[in-house]
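Each chain, letter by letter, is given below.
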Amino acid sequence: MGHESLGPLRPARTGEQVAHRLATAIALGEFSLGDRLPSERDLAALLQVSRESVRTALRTLSGSGLVEIRRGRGGGAFVRAEWAEASEHAVRSALLERWDEFEELFDYRRLIESLIARTAAERATADDRAAIARALAGFDAAATPGEAREHDVALHRAIARAARNARLLALHERLLSEVSLGVSAEPYTWAIYEEARPHHHALADAIARGDGDEAARIAGRHFAITEDAVRRLARRVGRATLPSRDPQTRTTRHATPRPRPAARGPRRVRPPSADGPGRGGRAAGRVGSSQA
């Protein structure tokens, strides 16, 4: 697959393309309600476009009601809605027009992340295992989807570093950027948190025990969470059947079409219960899912 197709944007309609990517990232849950988007400078660097193209995109998103632009100290672009009238066209442009490329990317990412997990289990030092444990504790204690997302990124970066190979770490970072449409953030909701949490614990345990086969198996399943979120969003805009590669047989299968869901209202993020950050404490605050 030519990875450049998911990398820098072509300049002809750059502002429009940036708006499509950001609207799709918001719909996926890569940014949550109330989150501040990265700064113009950071978005320009992430997407390898000019700051003027980013400004154009943010004006478009503001006009559609997806973000609110606040001026002054502490200002920026803040997510005010997950979905708007213009979102369907944006998702079709960002995802469906290149769906075969995404299928290849999903498969490639599962293969590489399984290799990284296996290698981390074989090579991790005591310091590496401690770094993984700290990132996992941060993930468990997350009070919002945004915090969970940050600790998820830190955890998987610690695992990639434990593989003790700079090229594998760089490939891990690049794959995260590509699958997230350039913004280097995984989709996160409480539903995704609940699905990812047992995977994280099992993966950290396998690495700590030096069980490479088990670590690779868990990683292959875990990174399918993200692609499942992308598939759900693609179905929402009308892709009735989505071919996918079975991670076990590597044969093509077809997903059963799902009815298009009704528009959702604002999400409510509740703090953890007194029972702590486990599954019981999260259930009450769970919101609709859109990838970890």
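On a predicted model such as this, the values are computed, not experimentally measured, just so you know. (Residues numbered from 1 in each chain as written. Predicted model: local features only at pLDDT ≥ 70, side-chain atom pairs only at ≥ 80, totals over all residues. Heavy atoms only, no water.)

Asks: What is the right way to look at the overall build of the protein in this model?
Replies: Summing up its helical and strand segments, the protein has 12 helices and 4 strands in all. The buried share among the 292 residues of the protein stands at 51%. When the accessible area of the protein is evaluated, it comes to approximately 13500 Å², of which 49% is carbon and sulfur surface. (Helix = DSSP H or I, 4+ residues; strand = E, 2+ residues; numbered from the N terminus. Buried < 20%, exposed > 50% of the residue type's maximum accessible area, 1.4 Å probe, protein only. Areas by Shrake-Rupley, 256 points an atom, 1.4 Å probe, with all protein chains shown as cover.)

Asks: How do you make sense of the pattern of salt bridges when you look at a structure like this?
Replies: Where charged atoms of side chains with opposite charge meet at close range, the side chains can pair. Considering all chains together, one arrives at 20 salt bridges under this definition. Across the pair E186 and R109 runs a salt bridge whose closest N-O atoms are separated by 2.6 Å. Residue E186 is located in the loop between α8 (166–179) and α9 (190–209), and its partner R109 is located in helix α5 (residues 99–123); the two are separated by 77 residues in the primary sequence. A salt bridge links D213 to R118; the shortest N-O distance between them is 2.4 Å. Of this pair, D213 sits in helix α10 (residues 212–222) while R118 is found in helix α5, placing the two residues 95 residues apart along the sequence. Judged by relative accessible area, D213 falls into the exposed class, the value being 55%. Connected through salt bridges with shared partners, the residues E40, R51, E52, R55 and R59 form a single ionic network. (Salt bridge = Lys/Arg side-chain N within 4 Å of Asp/Glu carboxyl O.)

Asks: Just to check I follow, could you spell out the nonpolar core for this structure?
Replies: Nonpolar side chains in soluble globular proteins generally cluster together in the buried interior. Core analysis: the biggest nonpolar cluster contains 51 residues, and L95, I132, I159 and I207 have the highest contact counts within it. Among the elements that take part in this core, α5 stands out by supplying 9 residues, more than any other. Ignoring sequence-local partners within four residues, the contact set of I132 consists of L155, A158, I159, A162, A204 and I207. (Core = buried A, V, L, I, M, F, W, Y, C linked by side-chain atoms within 4.5 Å. Contact = heavy atoms within 4.5 Å.)

Asks: What am I meant to see in the environment of E82 here?
Replies: By the element assignment, E82 lies in the loop between β2 (76–79) and α4 (87–94). Distance in space between the C-alpha atoms of E82 and L28 is 8.4 Å, their sequence separation being 54 residues.

Asks: When you look at helix α3 (residues 51–64) in this model, what are you seeing that I'm missing?
Replies: When the terminal C-alpha atoms of α3 are compared, their 20 Å separation across 14 residues agrees well with the 20 Å that a helix rising 1.5 Å per residue should span. Within α3, the full set of buried residues consists of S53, V54, A57, L58 and L61. Viewed end-on, α3 has its buried residues packed into an arc of 135°, placing them on one side of the element. Opposite the packed face of α3, turned more than 90 degrees from it, sit the exposed residues R59 and G63. Packed against the buried residues of α3 are α1 (14–28), α2 (40–47), β1 (67–70) and β2. Note on α3: the residue one or two positions beyond its end, G65, has a positive phi of about 90°. (Expected span 1.5 Å × (residues − 1). Arc of directions from axis to C-beta.)

Asks: Whenever I open this one, empty space enclosed by the protein confuses me. Can you help?
Replies: Taking a probe equal in size to a water molecule and rolling it over the atoms shows the remaining empty space. Its boundaries defined by the atoms lining it, the largest cavity holds a volume of some 40 Å³. In terms of lining, the largest cavity is formed by R109, D152, V153, H156, H172, L176 and E186. Among the secondary structure elements, those contributing two or more residues to the lining of the largest cavity are α7 (145–162) and α8. By residue number, the principal contributor to the lining of the largest cavity is α7, which donates 3 residues. Here the residues of the lining of the largest cavity sort into 2 nonpolar, 2 polar and 3 charged. (1 Å grid on protein atoms, 1.4 Å probe; cavity = no way out; pocket = protein on both sides within 12 Å on 5 of 7 lines; lining within 4 Å. Points joined across faces, edges and corners; volume = space filled by probe spheres on them. Nonpolar A, V, L, I, M, F, W, Y, C, P; charged D, E, K, R; others polar.)

Asks: Please explain the packing of aromatic side chains as it appears in this structure.
Replies: The geometry of an aromatic ring pair is captured by two quantities: the separation of the ring centres and the angle between the planes. Counted by the stated rule, this structure contains 6 aromatic pairs. A ring pair is formed by W99 and F106, whose centres lie 6.0 Å apart and whose planes are at 70°; its orientation type is edge-to-face. A single burial state applies to W99 and to F106, both of which are buried. An aromatic cluster is present here, built from F139, Y188, W190 and Y193 joined pairwise through their rings. Its guanidinium or amino end placed over the ring of F78, R70 lies 3.9 Å from that ring's centre, counting from NZ or CZ. (Phe/Tyr/Trp six-rings, centres within 6.5 Å; stacked < 30°, edge-to-face > 60°. Lys NZ or Arg CZ within 6 Å of the ring centre and 35° of its normal.)

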